[in-house]
Amino acid sequence: MNLKMYIDSKTSAAGRGSRRGISRTKPWLGWSLALPCALFLAALTVLRAQSPDETIEIHKPTTHIVPISISGFSGDVESALAFDLESLGMEVTSPDKAEYMVNGSQDGRVQGSLTPSKVAQPLWARAYAGGNARSQAHAFANDIVAEIRQTKPIFQTRIAFRRKEGSGTEIAVADFDGYDAAQVTRDGTLVGGPCWIPGRRALLYTSWKGAGEEILEQNLGNGERRVFANNPGANLSPSVSPDGRKVAMILSRGGSPNLWVCNIDGSGLKQLTSTREEDSCPTWSPDSREICFVCRSGRAELQKISASGGTARVLRVAGVYGNLTSPDWSPDGKWIAFTSGSRNFAICVVPAAGGDAQKLVAGEDPCWAPNSRTIVFGRQIGEKSILCLLDVPTKHVKDVRQISGSCSEPSWAR
Amino acid sequence: MKNARSIGLFLLTMTLAAGVTGCKHRAQDITTIPGGGGPPSSPPPAINNTPGNPQPGPGVGEITPPPNAVTGGNIPINPSGAYANLFNGPHSEDHEKFKADIIYFDFDSSTIKASEESKLQAVADYFKTAPATEALTVEGNCDERGTEKYNLSLGERRALAAREYLSNLGVSPDRIQTKTWGASQPADKGHNEEAWKQNRRDEFVLITPKN
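Take the overall build of chain A next. When its secondary structure is counted, chain A shows four helices and 31 strands. Long-range pairs, those at least 24 residues apart, make up 45% of the contacts in chain A with a sequence separation of at least 6.

Listed below in structure tokens is the structure:
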């Protein structure tokens, strides 16, 4: 059998994956790894280039459910691996039905290999040190997904969200799968959904703690917080640009809830819209140049405007009716996810340039993961809301680990 | 320490690369995971500023008006209005005073309905003879049929609609502050139109100086 392996995509995806996961917590570690990693990958590439007869062709499925088997693991490691792979649209099955086989052990440290079913040899075998068993399992799953789905790793990322228990609402953070949840605020008042500041362990959110609605900035490292915006009138729904330099928000100081932007240090406040009806829900394009937001003119529709000002244009959304709210622009710039409806909410996606929209699953307030493939969203079950993960191409949904109280308005650190 | 670790990792990686050269399919590369795995893994420490006394931050600054501003009827909020100190300082809130004057809205609308106008007239009449020290908060609310952030803006728009109406009846807009609760404070917790129509509302709160 003459087989060909996609060496470039495979090795670069894996390399990016390991660097990224580490550099998020300790940037210096990521940089110090970059050179050895590059040399290591170069060595691999040279090695494979020298053995053309042994290259193998690997099918790279991205949109169908991938049957995969997991053996050699138990407890937390097995459950974390299964959760992670299922959240990316894979289905854990027996080895005879699997398209890929994950084998390994967890004696002291997690180690394992990934083997396509039609190939006798594993694609690779790796071991993971440090952290705990769960984080090693997540790192292993990141490598598996980089191989099969060719997406950026997300299994060591965090989400922030709003949690309601009793009469109070608070901001909380957790791992993407709901583990290691920690409460961020303890004010006993209303708070609005949080927004991460890109590249920092810090959040912006609306708080009702003071005299009026104001936007607070909180550093998750040392707990310090400060008032980010307390203009006269309402200060709502902050959204930080992906380059970390600007903040879009809804202010009513002009007499109507409109879209405003300012610099990340609060300077340079500028009003972008001045409609009579209210604007809401700003989200940024990945190049930080445009803002998509909701404007109500008859019904709630999605509009786009340059972050430096100008005329807002309606985003054409075909095939989905009713109110269109809570847009979130995918990090790769291709899609805008949003919520449709007025009670039976649905998660939808539309091309960022406008066009035919797809209604995916029941739920509200979608937020993209860094991989531009997974969406975290809120889903109402009776009187409470839970957080769920959606694999957009396969429409596969996984509930995150149950956190007590009602959880909504998730924001994915990216 | 930084350099020592870099060199250590470099040597480790090179050793592994050498291992791969000898046995390409069985080789293992080791990914080291920092403790906890992923930011921010530790619970945040307690918040260090005291309630009601946040550190001052940037906020009000130079404002650039949007091009082709269409302000039709929008009354800007004056940050240094005569009642700013009352709103931002110690004051008492009377939620009962205008209990009979709660105004209601149609679904997804901030238009003041004809049926609600007499209630607004009653509120305006009160302020014609009220002590000059008293002021008003209009609190806008929504039913649950909207996403959270959408409802926050809609609730604020409803409160501002009442403020504009009262202003037209002679109450200084500086004397009125607005607040939005979105759908978080339903008057009726039911999930049907009977409940929803009770929830799409503006409530009026009398503000008086605290003695």
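From this point on, the discussion continues.
Bringing the overall build of chain B into the picture now. Tallying secondary structure elements over chain B gives five helices and six strands in all. The helix and strand sequence of chain B, counted from the amino end, reads α-β-α-β-β-α-β-α-β-α-β. Across the 211 residues in chain B, those meeting the buried criterion constitute 35%. Within chain B, contacts between residues separated by at least 24 positions form 73% of all contacts whose residues are at least 6 apart in sequence.

Right, let's talk about the packing of helix H3 (residues 75–87) of chain A against helix H4 (residues 133–148) of chain A for a bit. Residues and elements named next belong to chain A. Look at H3 against H4: their axes get within 9 Å of each other, and the N-to-C directions meet at 35°. Considering how the two elements wind past one another, H3 and H4 form a crossing that is right-handed. In this structure, H3 contributes Asp76, Val77, Ala80, Leu81, Asp84 and Leu85 to the contact, and H4 contributes Ala133, Arg134, Ala137, His138, Phe140, Ala141 and Ile144. Class assignment for the residues of the contact of H3 with H4 results in nine nonpolar, one polar and three charged.

Residue and element names in this part refer to chain A. Spatial strand order, S13-S14-S15-S16: four strands in an open sheet with antiparallel pairing. Single-partner strands in this sheet number two, and they are strand S13 (235–240) and strand S16 (270–271). Pairing of S13 with strand S14 (residues 246–251) involves four bridges; the strand directions are antiparallel. From the neighbouring strand, Ser239 faces S14, where its bridge partner is Ala248.

Below, the discussion takes up the packing of helix H3 (residues 117–129) of chain B against helix H4 (residues 148–168) of chain B. All names here are of chain B. Between H3 and H4, whose axes approach to 10 Å, the crossing angle comes to 60°. Here H3 is positioned oblique relative to H4, judged by the angle of their axes. Judged by the sense of rotation from one axis to the other, the crossing of H3 with H4 is right-handed. Packed against H3, whose contacting residues are Leu120, Val123 and Ala124, the element H4 presents Ala162, Tyr165 and Leu166 at the interface. Per-class residue counts for the contact of H3 with H4 are six nonpolar, no polar and no charged.

On to the sheet that holds strand S17 (residues 279–284) of chain A. As summarised here, the arrangement of the four strands in space is S17-S18-S19-S20 (chain A), forming an open sheet in which the pairing is antiparallel. Of all strands in the sheet, those with a lone pairing partner are S17 and strand S20 (313–314) of chain A, marking the two edges. Relative to S20(A), strand S19 (residues 299–306) of chain A runs antiparallel, the two sharing two bridges. Directly across from A:Gln303, in S20(A), lies its bridge partner A:Val314. Sheet contacts for H4(B): S17, strand S18 (290–297) and S19 of chain A; angle to S17(A), the most-contacted strand, approximately 140°.

All names here are of chain A. One non-glycine residue, Asp180, lies in positive phi territory at about 55°. Unusually for a residue other than glycine, Ser372 sits at a positive phi of about 55°. One can find Ser372 in the loop between strand S27 (364–368) and strand S28 (374–381). Take Ser372: there are 19 C-beta atoms within 10 Å of it, and that puts it in the partly exposed class.

About the criteria used
- Residues numbered from 1 in each chain as written.
- Chains lettered and ligands numbered in written order.
- Predicted model: local features only at pLDDT ≥ 70, side-chain atom pairs only at ≥ 80, totals over all residues.
- Helix = DSSP H or I, 4+ residues; strand = E, 2+ residues; numbered from the N terminus.
- Contact = placed C-beta atoms within 7 Å.
- Buried ≥ 20, exposed ≤ 12 C-beta atoms within 10 Å, placed from the backbone.
- Axes fitted to C-alpha atoms, helices over the stretch in contact; angles between N-to-C directions.
- Left-handed = near helix turned anticlockwise from the far one by under 90°.
- Nonpolar A, V, L, I, M, F, W, Y, C, P; charged D, E, K, R; others polar.
- Pairing = 2+ DSSP bridges.
- Parallel < 35°, antiparallel > 145°, perpendicular 65-115°, else oblique.

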